[in-house]
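# Architecture and fold: a report
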Amino acid sequence: MLSPNSTFYPRPLGVTPAASLPQSPSAPLETSRQLVASDERDAPYFRSLEEVGIRLNGPQISAVRHGKGPLLTLAGAGCGKTTVLAARAGYLMEVSGAHAGSILLVTFTNKAATEMKDRIASLPGIRPAAARAVQARTFHSFALTLLRHYGVQEEIFGESRAQHTVLKMLLRQNGMSEAFQPESLLAMLSAWKMQGSETSDLPEKSQEERDAKRVLLGYEAWKRDRNKMDFDDILLRAAALLRDPAVLGPLQQRFQYIMVDEFQDTNSLQYEIVQKLAAAHRNLMVVGDDDQTIYTFNGARQESILEFDKVYPGARIVTLDINYRSDARILGLGSELVARNKRRRDKRLRAAGHRGDAPRFATPSNAEEEAAWVVNQLCQQVEEGLHTYRDIAILHRTASSSRAIFEQLVLKDVPFVQHGASPVFYDQSLIRPLMDHMRLSLNPRAVDALPSALGPLYVSRDAGLEWIQRSEEQQAKKYPLIHLAKWDKLKPFQQEQVKERIKLIKSLAKLKPVIAIQEMRRQFYDKYMESGDPSIFTHYKETMLETLDEFEAAAKKFETVEEFIQFADELSRRHREMESLRRSQDSDAVQLMTIHRAKGLEFPCVYWIGASEGIVPHSTALRQDIPEDQKAALTVQQTDAELDMALEEERRLAYVAITRAKQYLYVTSPASHHGKPADVSRFLLEAFGMEVPDKRKNREDAPNGNHASYGSGSSNWKGNGNTNGKANGNESRNGNAAYARSGSRPQGRDAVSPVQRGADQRSAIRQSDRRDFEVLDERDEDRLSERRGSGQIRNHKAFSTTGVSQTASSSSSSGSHSSGAERTETVAIWKCSSSTCKAWLRQKPDGASAKSSKKATSGPPPCPLCSGTMEAGTRKVPVTSRFGR
């Protein structure tokens, strides 16, 4: 039974009591009011800013005053970079006399571009017409405007589901329906294009590479024949266009001042565009933080910041090091943690934020207990009035690592918004086939479960279902799958596989769910999912295996397949009910998201879950800790330097997680992960001055082959504050399988039809393009998240339910559905008898299952969250569409 109460401590497990919590120094209080004398030429501008509440500090003033020439502005987390960019645009216009139309400000998302325009428009003395003339755009918006001006008329083909549909069609046409995942192919193609390479130049050394290339060339031909281009194409074709001096020259003359936000996120092609535009005058200001470079999987290059003054000799460097966001102790923890990286620009942030509380740490036994602790505590905080739900964010490393917390939030009716992930773990495309095989074991005629069973048999779903349906009309069978054994389109060995699969399905209902899953994986599923060239799809496979391991961990708490299926179906049903009650995005709801997606955001209270070895840092960055005999079995070999680069990016990810918190930070480190022991993240221990042994060095130095084992006990840690050096370099691996894509695309048809030279260069983006850019903004935000094994990226979902019954907000919301509300019905439920657990489940209707497990009982099931006893009750719930299964 899970521990009902959490205990958070001032230090992580393994840190000695003598170790002190790092704390950032206080920042000086002087602002422009003291730093800019009244007799200085630009004093009126700063006085006008002060009148509207903008009081800049010393480094900010230095960046705003910068005139001509290259400038690297290192903007630490929460240090006011947006204010600086907007204030410098105003300074250029009001003090330097620059024309508003000569300023180009480039960022990554439509939201950021809109905020920048609003900030500039709100500056004192800036006329509305001047604010509109400043070109604050995303990279894609700028590139598309350029292409439209020069006659490119292709429609934007940017909806990921539509792209997947086309690729699935091409895979079927080439007889490769089960060989590749569409999202993996698109990720590979995007990464290839970001290098400025043509699709025709894709590698073809192995048969798998040749197959993938054939499908992707078909994808390019499909777009070309239908006059379409995707978002990658927009950037690459714009970059190709800028190689024409007749195109580039007027743009260089027009945009005399160029500013780039989030510079650490730029890929090679985006940087090339910026360099070309700034080449004539070098008036380039870039703003970014190398300590927040966490998207190398997406083409981001840390060298852009680290080598900026080499690319632009004589460049000024200004460091914005005064943080207005976080408590000094939260900031100190993050700063001390990231300072252990070797490949970075040295900077120490100073604190000017509101005082909150010191970070707190906990070590639950596993993910289930971690989720219970976190949800119980945040509910208590809301009940006591310390926070509202919207004040709280829960940050996790990968999509699969949010499974347990998701279940707790749903089954306890805590309103939450989940950003960028599949809504229910058990409905992911990777998990659904295994769930459907278990559903078929309970009801072999479950029509909705049949399609998932065909894929692992390497049978075309459409054709296979059509054959089964025709055969059923002639003679119905208890197991409709058996019709495939007489299908003449299948080879004899495939027909035998069908019979063997049915035998397996029959046996599943008698097994414990975790054993059933392991048996399916052993007999066919792992082999089925691992098809494809390992050199291309390694990171997808790593995420796939991680998700399947999480699936097994979730199943361990259930005794029967029937209980497990009922729980998963209940979770899906409850999730839909929450969706039917969702309010606006600003509703009072907990924010649940990956660390990648949280970058750029801030919250009063942050729970960072999964701060354990193998999660953060991710297991793919810890291969230097694997014994040599096991390393030889890895799919792809990585050098120690590559692994060091991967580990440094993981450390930057931890830094981003910590610095999202303003006043309260809670960090949980599960003691086990997927059934294996897991130590507290080395990053936390390093921040407290503990020395992490270098296993490679120990292996090399140990004459008898023995070496100290990391995590074997607190005696391994030495509090000397020093860490082992890491090799320099950058990495472009996909340690967290973040499959969000951006980049650019080469085309063999770069010649375009120019319009007359006298045409307005500021030609508006067409209305259809504006609609497409709504999709693009979703995609640009999704580039900040992970590439998930399911390959399914969804819009943000806001869930608002009756909440925790003790809270004022929940009691008031319970009657808020009278106007325009969904219809409700009263259903029989099982509710947990524990006073600390608010979980409830819908009772199974009589006769709902065609076949019950022998182990099933007629009494109440154990609570799926705390394993306690449940008792009968009733509850009003929204009436939703009939659940398919």
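Residues numbered from 1 in each chain as written. Predicted model: local features only at pLDDT ≥ 70, side-chain atom pairs only at ≥ 80, totals over all residues. Heavy atoms only, no water.

## Things to note about the overall build of the chain
- Along the backbone of the chain there are 32 helices and 22 strands.
- A total of 885 residues make up the chain; the buried ones form 59% of that total.
- Excluding contacts between residues fewer than 6 apart, the proportion of contacts in the chain whose partners are at least 24 apart in sequence is 82%.
- Only carbon and sulfur atoms are counted for the fraction: they give 48% of the accessible area of the chain, which is about 35200 Å². (Helix = DSSP H or I, 4+ residues; strand = E, 2+ residues; numbered from the N terminus. Buried < 20%, exposed > 50% of the residue type's maximum accessible area, 1.4 Å probe, protein only. Contact = heavy atoms within 4.5 Å. Areas by Shrake-Rupley, 256 points an atom, 1.4 Å probe, with all protein chains shown as cover.)

## Some remarks on the packing of helix H7 (residues 139-149) against helix H11 (residues 231-241)
- The contact between H7 and H11 brings their axes to 9 Å, and the two run at 60°. The pairing of H7 with H11 is recorded here as oblique in orientation. Helix-helix and strand crossings are classified by hand; for H7 and H11 the assignment is left-handed. Residues Phe139, His140, Ala143, Leu144, Leu146 and Leu147 of H7 touch H11, and the partners they reach there are Phe231, Ile234, Leu235, Arg237, Ala238 and Leu241.
- Considering only residue class, the contact of H7 with H11 consists of 10 nonpolar, one polar and one charged. (Axes fitted to C-alpha atoms, helices over the stretch in contact; angles between N-to-C directions. Parallel < 35°, antiparallel > 145°, perpendicular 65-115°, else oblique. Left-handed = near helix turned anticlockwise from the far one by under 90°. Nonpolar A, V, L, I, M, F, W, Y, C, P; charged D, E, K, R; others polar.)

## A look at the packing of aromatic side chains
- Applying the stated criterion across every chain yields a total of 26 aromatic pairs.
- With centroids separated by 6.4 Å and ring planes inclined at 50°, the aromatic side chains of phenylalanine 425 and phenylalanine 551 adopt a geometry described as tilted. Of the two residues, phenylalanine 425 sits in the loop between strand S13 (416-418) and helix H19 (432-442) while phenylalanine 551 sits in helix H24 (residues 534-555), which places them 126 residues apart along the sequence. Phenylalanine 551 matches phenylalanine 425 in its accessibility class, with the two residues each being buried.
- On the basis of an interplanar angle of 45° and a centroid distance of 5.0 Å, the ring pair of phenylalanine 558 and phenylalanine 567 is categorised as tilted.
- Exposure remark for phenylalanine 558: the relative accessible area of 7% places this residue in the buried category.
- Site record: aromatic cluster; members linked through ring pairs are Phe425, Tyr426, Phe551, Phe558, Phe564 and Phe567.
- Here the basic side chain of arginine 501 rests over the ring of phenylalanine 524, its NZ or CZ set 3.8 Å away from the ring centre. (Phe/Tyr/Trp six-rings, centres within 6.5 Å; stacked < 30°, edge-to-face > 60°. Lys NZ or Arg CZ within 6 Å of the ring centre and 35° of its normal.)

## Some points on the sheet that holds strand S7 (residues 284-288)
- In spatial order, the strands read S3-S2-S6-S7-S1-S8; together these six strands make up an open sheet with parallel pairing. Every other strand in the sheet has two partners, leaving strand S3 (135-138) and strand S8 (316-320) as the edge strands with one partner each. Strand-to-strand twist across the sheet, computed as the mean angle between neighbouring axes with direction ignored, equals 15°.
- Against the sheet, helix H3 (residues 58-65) touches strand S1 (71-75), S7 and S8, its axis set at about 145° to S8.
- Together, strand S2 (103-107) and S3 form the strand contacts of helix H5 (residues 110-121), whose direction differs from that of S3 by roughly 165°. (Pairing = 2+ DSSP bridges.)

## Some thoughts on the nonpolar core
- In terms of nonpolar packing, the biggest core is built from 87 residues, with Ile120 and Trp608 touching the most fellow members.
- When sequence neighbours within four positions are dropped, the list of residues in contact with tryptophan 608 reads Leu395, Ile595, Val616, Ala654, Ala657, Ile658, Tyr666, Val667, Thr668 and Leu684.
- Ranked by size, the runner-up nonpolar core spans 66 residues in total, among them Ala404, Ile405, Leu430 and Leu548. (Core = buried A, V, L, I, M, F, W, Y, C linked by side-chain atoms within 4.5 Å.)

## With respect to H5
- In this model H5 runs 16 Å from its N-terminal to its C-terminal C-alpha over 12 residues, within 8% of the 16 Å that 1.5 Å per residue would give.
- Within H5 the residues assigned to the buried category are Ala112, Ala113, Met116 and Ile120. Looking down the long axis of H5, one finds its buried residues gathered within 100° of arc, a one-sided arrangement.
- Lining the buried residues of H5 we find helix H4 (81-94), S2, helix H6 (128-133) and S3. (Expected span 1.5 Å × (residues − 1). Arc of directions from axis to C-beta.)

## Things to note about the confidence of the model for the chain
- Here the chain averages 79 in pLDDT, and 76% of its residues register 70 or above.
- The low-confidence segment residues 532-539, where pLDDT is below 50, has 25 contacts with residues more than four positions distant or belonging to other chains.
- Contacts for the low-pLDDT stretch residues 696-765, under 50 throughout, to residues beyond four places or in other chains number 215 contacts. (pLDDT = per-residue confidence, 0-100.)

## Here we look at the pattern of salt bridges
- This structure, assessed with the given rule, holds 55 salt bridges.
- Linking glutamate 40 and arginine 65 is a salt bridge whose minimum nitrogen-to-oxygen distance equals 2.9 Å. Taken as a pair, glutamate 40 in the loop between helix H1 (32-35) and helix H2 (43-51) and arginine 65 in helix H3 lie far apart in primary sequence, 25 residues in all.
- Judged by its relative accessible area of 28%, arginine 65 is partly exposed.
- One salt bridge connects glutamate 472 with arginine 445, and the closest N-O pair in it is separated by 2.8 Å. Residue glutamate 472 is found in helix H21 (residues 461-474), and its partner arginine 445 is found in the loop between H19 and helix H20 (450-454); the two are separated by 27 residues along the sequence.
- Glutamate 472 gets classed as buried once you look at its relative accessible area, which sits at 15%.
- Several salt bridges converge on common partners, so that one network encompasses Asp289, Asp290, Asp291, Arg344, Asp346 and Lys347. (Salt bridge = Lys/Arg side-chain N within 4 Å of Asp/Glu carboxyl O.)

## Overview of the pairing of S1
- Among the five residues of S1, five are classified as buried, and the element is accordingly described as predominantly covered.
- Burial along S1 is two-sided: Leu71, Thr73 and Ala75 facing one way and Leu72 and Leu74 facing the other are all buried.
- With four bridges connecting them, S1 and S7 associate as parallel partners. Looking across to S7, one finds that leucine 71 is bridged to methionine 285.
- For S1 and S8, the ladder comprises five bridges, and the chain directions are parallel. Counted as the bridge partner of leucine 74 is threonine 319 from S8.

## What about the environment of glutamate 208?
- With respect to the element layout, glutamate 208 can be found in helix H10 (residues 207-225).
- Note: C-alpha distance between glutamate 208 and alanine 179 (29 residues apart in sequence) is 8.7 Å.

## Digging into unusual backbone geometry
- Note the cis peptide between valine 616 and proline 617, where omega equals 5°.
- Positive phi, close to 50°, is recorded for glutamate 262, a residue that is not glycine.
- The topology assignment puts glutamate 262 in the loop between strand S6 (257-260) and helix H13 (268-278).

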